[in-house]
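Secondary and tertiary structure notes
Here is what each chain is made of, one letter per residue.
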Amino acid sequence: MTDEPSYRLGLALAEVSRLWRHVLDARLKPQGLSTARWVALVNLSAHPEGLTQNALALRVGIKGSTLVRQLDQLEADGWVVRRAQPGDRRVKRVFLTAKARPALASIAAVGRGLRRELLRDCSDAEIRASVRLLGRVKARLQPLADPLAADGRVPPRLVAAE
C-alpha cells in the first residue's frame, strides 16, 4: 500500500463505482431492473430511431452474445422490441416499448435521489472539479481502451441517466 494520491484515487474510484452500482441495483430491483438493464434502456432512450444490436452492445460495453441474453429478457418483460432492419433482415434494430417510457422516468428519479443522498454535503464547485478531473482521465483512457475492442473486450460508452 502507498499513500501516493494517484494510487489512492484509483482505488477509491474502483470502490466507489462498485458500491454505487450495487446500491443503484438494489434500488432498481423492485422495478424489475438492474444496472445492466437500465444502461441498455437509457442508451436506447437517447435513440428513438432504435439501435442495431451491435451498436447497442458497443454503447453499453458488452459483447453481443451477452447483450442478446439481456435483450431476450428485456423483450420477454415488454421493455424492448427487436425488428428486422429494412433492407437487411439479418440485422435487428432494438426499440423501447411504451412500457419502458414510464420506467425511464422512474429510473431517473431513483438515480437523482441516490445522487442527492450521496452528494448532499458536497458543493457544486467540488462536484464540477471532480467531473473535470474525471473527464481528463477519461480522455486519456479512451484511446488506450479503444484497441481492446479488437480483442472483443469493448470499452463502454455509457449514456448518463438523469
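What counts and what doesn't
- Residues numbered from 1 in each chain as written.
- Predicted model: local features only at pLDDT ≥ 70, side-chain atom pairs only at ≥ 80, totals over all residues.
- Heavy atoms only, no water.
- Helix = DSSP H or I, 4+ residues; strand = E, 2+ residues; numbered from the N terminus.
- Buried < 20%, exposed > 50% of the residue type's maximum accessible area, 1.4 Å probe, protein only.
- Contact = heavy atoms within 4.5 Å.
- Areas by Shrake-Rupley, 256 points an atom, 1.4 Å probe, with all protein chains shown as cover.
- Phe/Tyr/Trp six-rings, centres within 6.5 Å; stacked < 30°, edge-to-face > 60°.
- Lys NZ or Arg CZ within 6 Å of the ring centre and 35° of its normal.
- Axes fitted to C-alpha atoms, helices over the stretch in contact; angles between N-to-C directions.
- Parallel < 35°, antiparallel > 145°, perpendicular 65-115°, else oblique.

A few words now on the overall build of the chain. The number of helices and strands found in the chain is 6 helices and 3 strands. By residue count, 27% of the 162 residues in the chain fall in the buried class. Contacts spanning at least 24 positions in sequence make up 54% of the contacts within the chain whose residues lie at least 6 apart. Summing over all exposed atoms, the chain offers an accessible surface of approximately 10,500 Å²; the carbon and sulfur share of this is 58%.

Let us look at the packing of aromatic side chains. For the structure on display, the rule yields 0 aromatic pairs. Above the ring of Phe95, the side-chain terminus of Arg83 is found at 4.5 Å from the ring centroid. Over the ring of Trp79 we find Lys99, and its NZ or CZ is 4.7 Å from the ring centre.

Where helix α3 (residues 53-60) meets helix α4 (residues 64-76), the closest approach of the two axes is 9 Å, and the angle between their N-to-C directions is 105°. Here α3 lies roughly perpendicular to α4, going by the angle between them. Across from Gln53, Leu56, Ala57 and Val60 in α3, the residues of α4 making contact are Gly64, Leu67, Val68 and Leu71.

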